[in-house]
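So you can see what is in the structure, the chains are spelled out below.
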Amino acid sequence: ETGVTQTPRHLVMGMTNKKSLKCEQHLGHNAMYWYKQSAKKPLELMFVYNFKEQTENNSVPSRFSPECPNSSHLFLHLHTLQPEDSALYLCASSQTIDRRTYGYTFGSGTRLTVV
Amino acid sequence: AQSVTQLDSHVSVSEGTPVLLRCNYSSSYSPSLFWYVQHPNKGLQLLLKYTSAATLVKGINGFEAEFKKSETSFHLTKPSAHMSDAAEYFCVVSDHGNNNDMRFGAGTRLTVKP
């Protein structure tokens, strides 16, 4: 257990469904992140939250909608996804937004399959 | 902007032999460098990091990496591979001139043969 918990571990959804991914950390970290990991591609940073405020959105399509109600919880709401959105979605946290100094703690990810 | 290149997509070694995973980086400023490991169906775990202190960095599970500025390299090594080292390894660079941006390499898959 890394300290960052993601649920569900696996998710299969149709293109018209709405689902949510959940991430939780009790490490006392102030920053949380969503990454997308696709086969044969480097990790892609999607969203950054610092003290529950969004600070970065890296041109992510609006069918992905993040929510951060507090510094310990992060959600990714999904709707009308495409098959190319199938990937491993990783949540991470860091002590502060200065992740260059502290690095990340990652969750185990949610394997998403869009059919 | 910074970038990172992992020179091998796949490395195969025999158990008990040395491991070398190669990483080259490009950075306009003093970089921070990291190695992460990802076991199947798991998230990424930090192995070690370089943040401008000692150039030889020791990490968990017997891994170490050496920052060589002249060669812009940060190769990961281990003297003796164990079966449990089989995983995907990612080199990451962050440029202190660029606002917290962390660039991941494409990964190197390490296979350990009995």
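Placed above this text is the structure.
These lines cover the structure that appears in this document, whether it is placed above or below. Bear in mind the structure is a predicted one, so any value in this text is a computation, not a measurement. Along each chain, residue indices are assigned from 1 in the same order as the chain's sequence is written. Chains and ligands are labelled sequentially in the order written, the chains with letters from A and the ligands with numbers from 1. Thresholds applied to this predicted model are a pLDDT of at least 70 for local features of residues and 80 or more for the giving and counting of side-chain atom pairs; totals over whole chains, interfaces and linings are not thresholded and use all residues. Side-chain numbers here rest on the full set of heavy atoms in the structure, without hydrogens or water.

1. What about the overall build of chain A?
Quick note on the threshold: Only DSSP runs of H or I with at least four residues qualify as helices, and only runs of E with at least two residues qualify as strands; both kinds are numbered from the N terminus onward. C-alpha atoms define the radius of gyration in this analysis, and the globule rule sets the expected value at 2.2 Å times the number of residues to the power 0.38. Residue exposure (1.4 Å probe, protein chains only): buried if accessible area is under 20% of the type maximum, exposed if over 50%, otherwise partly exposed. Contact criterion: two residues are considered in contact whenever any of their non-hydrogen atoms come within 4.5 Å of each other. For every accessible area listed, the method is Shrake-Rupley and the probe measures 1.4 Å; residues are considered covered only by the protein chains on display.
Of regular secondary structure, chain A possesses 1 helix and 11 strands. Each helix (α) and strand (β) of chain A, taken in turn from the N terminus, gives the series β-β-β-β-β-β-β-β-β-α-β-β. Relative to the 2.2 N^0.38 estimate, which gives 13 Å for 115 residues, the radius of gyration of chain A is 13 Å and therefore close to what a compact globule would have. Expressed as lengths along the three principal axes of its C-alpha atoms, the size of chain A is roughly 40 × 25 × 25 Å. By residue count, 45% of the 115 residues in chain A fall in the buried class. Long-range contacts, defined here as pairs at least 24 residues apart, represent 55% of the contacts in chain A between residues at least 6 apart. When the accessible surface of chain A is summed, it comes to about 5,400 Å², and 50% of that surface belongs to carbon and sulfur atoms.

2. A look at the environment of Thr51 of chain B
The residue Thr51 of chain B is located in the loop between strand E6 (44–50) and strand E7 (56–58) in this model. Taking the relative accessible area as the measure of exposure, Thr51 of chain B reaches 32% and is therefore partly exposed. For Thr51 of chain B and Leu76 of chain B, which are 25 residues apart along the polypeptide, the C-alpha to C-alpha distance reads 15 Å. Apart from residues lying up to four places away in sequence, Thr51 of chain B is in contact with Arg100 and Thr101 of chain A together with Ser32 of chain B.

3. Considerations on the pairing of E6 of chain B
All names here are of chain B. Let me state the cut-off plainly: Only when DSSP finds a minimum of two bridges between them are two strands counted as paired.
By the bridge criterion, 6 bridges tie strand E5 (residues 31–38) to E6 in an arrangement that is antiparallel. Residue Gln38 lies in a different strand from E6, and its bridge partner there is Leu44. The hairpin turn running from E5 into E6, its antiparallel successor, is 5 residues long, and Asn41 in that turn takes a positive phi close to 60 degrees.

4. Details of the state of the cysteines
Applied cut-off: In what follows, a disulfide is any cysteine sulfur pair within 2.5 Å.
Applying the stated criterion to the full structure yields 2 disulfides over all chains. Covalent S-S linkage joins Cys23 of chain A and Cys91 of chain A, the inter-sulfur distance amounting to 1.9 Å. Because the torsion about its S-S bond is -75 degrees, the bridge between Cys23 of chain A and Cys91 of chain A counts as left-handed. Residue Cys23 of chain A is found in strand E3 (residues 18–25), and its partner Cys91 of chain A is found in strand E9 (residues 87–94); the two are separated by 68 residues along the sequence. We note that Cys23 of chain A, like Cys91 of chain A, is buried. Put simply, Cys23 of chain B and Cys91 of chain B are joined by a disulfide, and their sulfur atoms are 2.0 Å apart. Here Cys23 of chain B and Cys91 of chain B share a disulfide; its torsion about the S-S bond, -70 degrees, makes the bridge left-handed. Note that Cys23 of chain B is positioned in strand E4 (residues 23–26) and Cys91 of chain B in strand E10 (residues 87–95), a separation of 68 residues in sequence. Cys91 of chain B gets classed as buried once you look at its relative accessible area, which sits at 0%. Free of any disulfide, Cys68 of chain A has its nearest neighbouring cysteine sulfur in Cys91 of chain A, separated by 8.9 Å.

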